[in-house]
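# Commentary on secondary and tertiary structure
Each chain is listed here by its residues.
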Amino acid sequence: MKIKILYAIGFWCILSVACQENEMTDFENDGAVYFQLNATYWAEVADSIVYSFAGKDVTECTVNLQVDLMGMAVDRDREVCLAIDPELTTAEEGLHYKALETSYVLPAGAYTMQIPVTILGTDPRMENQAFQLAIRLEPSADLGLGLSQRTLARIQFSAMLTKPYYWDATYAWGKYSKVKHEKLIELLGVDFPATEDEYYDDYDLWEAYCNYLSQWFAENYPVNDEHGNPIDPWYVN
């Protein structure tokens, strides 16, 4: 009973903030859904996930899109519908991503779920070009749409080095440069995770990587970035 009360309080808090953020598109008592791409910080209105195959020995990657419920959970499975937005999508099905289902299941009793999207990195054009897959939530017989600014999710991917969207939020890595990024892959054989949650799941490890790389730039100073500017050590214990 306490859990239900807490969820109800949490829901009304979210609803209060949501009314200031944007309008709800189709919310009814039965519940509504929206994308929550940043699972760590609810207030961040992010609609994009950026992924690069550069430096990775993989040809495909599964990106999970989190969908959250507005309203109370019920004791039965409910259908969550989605569709590809053709006007915003430049990726090709079968070449750049595996086909998605038109609906997924929000399990009984659940307030959140993951939609797995498999992107493919075999197209040689991706070394010089980024592609985008845009996915929209659609109303179903069970659930309406929640926050209007969170019913669209974009996955942008390429085989080029790209700045992780959460780079600045870590406050750890200093100013971004491709040279710094490339040196991480070269020296440590790893690249940044696709999502901020994955980064913080291994936070201590990434702090160690950050310290190591900063020390390497200190010991080999000066090493210039792609614009000809020296990269200063940035990590302070």
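This text goes with the structure placed above it.
Residues numbered from 1 in each chain as written. Predicted model: local features only at pLDDT ≥ 70, side-chain atom pairs only at ≥ 80, totals over all residues. Heavy atoms only, no water.

## Focus: the overall build of the chain
From N to C terminus, the chain includes five helices and nine strands. Written out in order from the N terminus, the α and β elements of the chain read α-β-β-β-β-β-β-β-β-β-α-α-α-α. Relative to its 237 residues, the chain shows a buried fraction of 44%. Contacts in the chain between residues far apart in sequence, at least 24 positions, make up 72% of those at least 6 positions apart. Accessible surface computed for the chain: about 12,500 Å², of which carbon and sulfur atoms make up 51%. (Helix = DSSP H or I, 4+ residues; strand = E, 2+ residues; numbered from the N terminus. Buried < 20%, exposed > 50% of the residue type's maximum accessible area, 1.4 Å probe, protein only. Contact = heavy atoms within 4.5 Å. Areas by Shrake-Rupley, 256 points an atom, 1.4 Å probe, with all protein chains shown as cover.)

## Considerations on the layout of surface pockets
The computed volume of the largest pocket comes to approximately 250 Å³. As for the largest pocket, its lining consists of 18 residues, and the residues nearest its centre are Asn 64, Gln 114, Thr 195, Asp 197 and Glu 198. Where the lining of the largest pocket is concerned, the elements lending two or more residues are β3 (60-70) and α4 (196-201). No other element matches β3, which puts five residues into the lining of the largest pocket. The residue makeup of the lining of the largest pocket, split by class, is seven nonpolar, seven polar and four charged. (1 Å grid on protein atoms, 1.4 Å probe; cavity = no way out; pocket = protein on both sides within 12 Å on 5 of 7 lines; lining within 4 Å. Points joined across faces, edges and corners; volume = space filled by probe spheres on them. Nonpolar A, V, L, I, M, F, W, Y, C, P; charged D, E, K, R; others polar.)

## Observations regarding empty space enclosed by the protein
Overall, the coordinates contain one cavity of 30 Å³ or more when judged by the stated rule. By volume, the largest cavity is sized at about 110 Å³. Residue composition of the lining of the largest cavity, by class: eight nonpolar, three polar and three charged.

## A closer look at the sheet that holds strand β1 (residues 32-35)
Read across the sheet, four strands follow the order β6-β3-β1-β8 without closing on themselves; strand pairing throughout is mixed. Both outer strands of the open sheet, β6 (112-120) and β8 (144-145), are each paired with one neighbouring strand and no more. (Pairing = 2+ DSSP bridges.)

## Considering the packing of helix α3 (residues 178-188) against helix α5 (residues 203-219)
At a minimum axis separation of 11 Å, α3 and α5 run at an interaxial angle of 110°. Here α3 lies roughly perpendicular to α5, going by the angle between them. Across from Val 179, Lys 180, Lys 183, Leu 184, Leu 187 and Leu 188 in α3, the residues of α5 making contact are Trp 206, Tyr 209, Tyr 212, Leu 213, Trp 216 and Phe 217. The residue inventory of the contact of α3 with α5, partitioned by class, reads 10 nonpolar, no polar and two charged. (Axes fitted to C-alpha atoms, helices over the stretch in contact; angles between N-to-C directions. Parallel < 35°, antiparallel > 145°, perpendicular 65-115°, else oblique.)

## Digging into the sheet that holds strand β9 (residues 152-158)
Strand order in this open sheet of five strands is β2-β9-β7-β4-β5, and the pairing throughout is mixed. Every other strand in the sheet has two partners, leaving β2 (48-52) and β5 (103-106) as the edge strands with one partner each. Sheet twist, expressed as the mean angle between neighbouring strand axes with direction ignored, is 25°. Sheet topology places β2 next to β9; five bridges connect them, and they run parallel. What sits directly across from Ile 49, in β9, is Ile 155.

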